[in-house]
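Coordinate analysis (summary)
Next come the chains, spelled out residue by residue.
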Amino acid sequence: MHQLSQFAQHTAEVLAGERPPGQMRNLFCGAAYERLVRRAGGYASSVQRPCVSGTVMRNETDWSVFEVSAVVACGTRHRALAMRVVFAQHAWLCTHIETDLERGRRPCGRGGVRRRGHRAT
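Presented here is a report on the structure given in the accompanying data block. (Residues numbered from 1 in each chain as written. Predicted model: local features only at pLDDT ≥ 70, side-chain atom pairs only at ≥ 80, totals over all residues. Heavy atoms only, no water.)

In this structure, Q89 is a non-glycine residue whose phi angle is positive, near 55°. Position of Q89 relative to the elements: it lies in the loop between β3 (77–88) and β4 (91–99). Here Q89 falls in the exposed class, since its relative accessible area comes to 76%. (Helix = DSSP H or I, 4+ residues; strand = E, 2+ residues; numbered from the N terminus. Buried < 20%, exposed > 50% of the residue type's maximum accessible area, 1.4 Å probe, protein only.)

As structure tokens, this is what we get:
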């Protein structure tokens with residue numbers, strides 16, 4: 001399952017802003033790709049490139065559907081990444097992606113996120 005570890009690494013690189021999302025376009029279905037694009041750069045670190053330090057792949061009943069979860073080392077922080085991938089037409093396709101970034105927002109200190117009812121100062 002080395003291919004799925006590589007898939008997670010390339011996705012982490014998009015999330016860190018090290019790889020353009022367009023390079024992954026054909027490997028993600030519509031909604032998953034939109035979510036990836038919205039969150040691209042959210043794992044950015046000035047210290048080092050992201051490194052997938054652990055992946056867990058789970059396949060309960062169907063060999064062509066996997067749940068992939070990974071820990072992504074981004075400098076001094078560790079981030080979470082989870083994807084559902086299916087094997088379709090001789091390639092892996094991500095149908096769903098989850099990260100620890102809420103609704104594509106940047107981590108604390110990376111831009112102004114306004115709370116509802118609060119004005120930016």
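More follows now that the structure is in view.
Across 10 bridges, strand β2 (residues 65–74) lies against β3 in antiparallel orientation. For S69, the partnering residue across the bridge sits in β3 and is A82. Hairpin remark: β2 followed by β3, antiparallel, with 2 residues in the connecting loop; positive phi at G75, about 65°. As paired strands, β3 and β4 are joined by 8 bridges and run antiparallel to one another. Paired with M83 across the two strands is I97, which belongs to β4. Counted along the chain from β3 to the antiparallel partner β4, the turn is 2 residues long, and its residue Q89 has a positive phi close to 55°. (Pairing = 2+ DSSP bridges.)

Here we come to the environment of S64. Take S64: it is sitting in the loop between β1 (51–58) and β2. Separated by 21 residues in sequence, S64 and V85 place their C-alpha atoms 8.1 Å apart. Once residues lying within four places of it in the same chain are set aside, the contact partners of S64 are N59, V85, V86, F87 and W92. Here the side chain of S64 touches D62 through a polar contact of 2.9 Å, side chain to side chain. (Contact = heavy atoms within 4.5 Å. Polar contact = N/O pair within 3.5 Å; in protein donor to acceptor, adjacent residues only side chain to side chain.)

Direction of pairing for β1 relative to β2: antiparallel, over a ladder of 7 bridges. Residue pairing for β2: C51 is matched across the bridge by A73. Hairpin connection from β1 to β2: 6 residues lie between these consecutive antiparallel strands.

You can see R39 is positioned in helix α2 (residues 30–39). Despite its burial, R39 remains without a salt bridge, the nearest opposite charge being carried by E98 at 4.6 Å. Side-chain polar atoms of R39 contact the backbone oxygen of L101, separated by 3.5 Å. (Lys, Arg positive; Asp, Glu negative; His and termini not counted. Salt bridge = Lys/Arg side-chain N within 4 Å of Asp/Glu carboxyl O.)

In space, the 4 strands of this open sheet follow the order β1-β2-β3-β4, with antiparallel pairing throughout. Every interior strand has two partners, whereas the edge strands, β1 and β4, have only one. Between one strand axis and the next, the sheet turns through 25° on average, direction left out of account. (Axes fitted to C-alpha atoms, helices over the stretch in contact; angles between N-to-C directions.)

On their own, these measurements won't tell you what the molecule is for.
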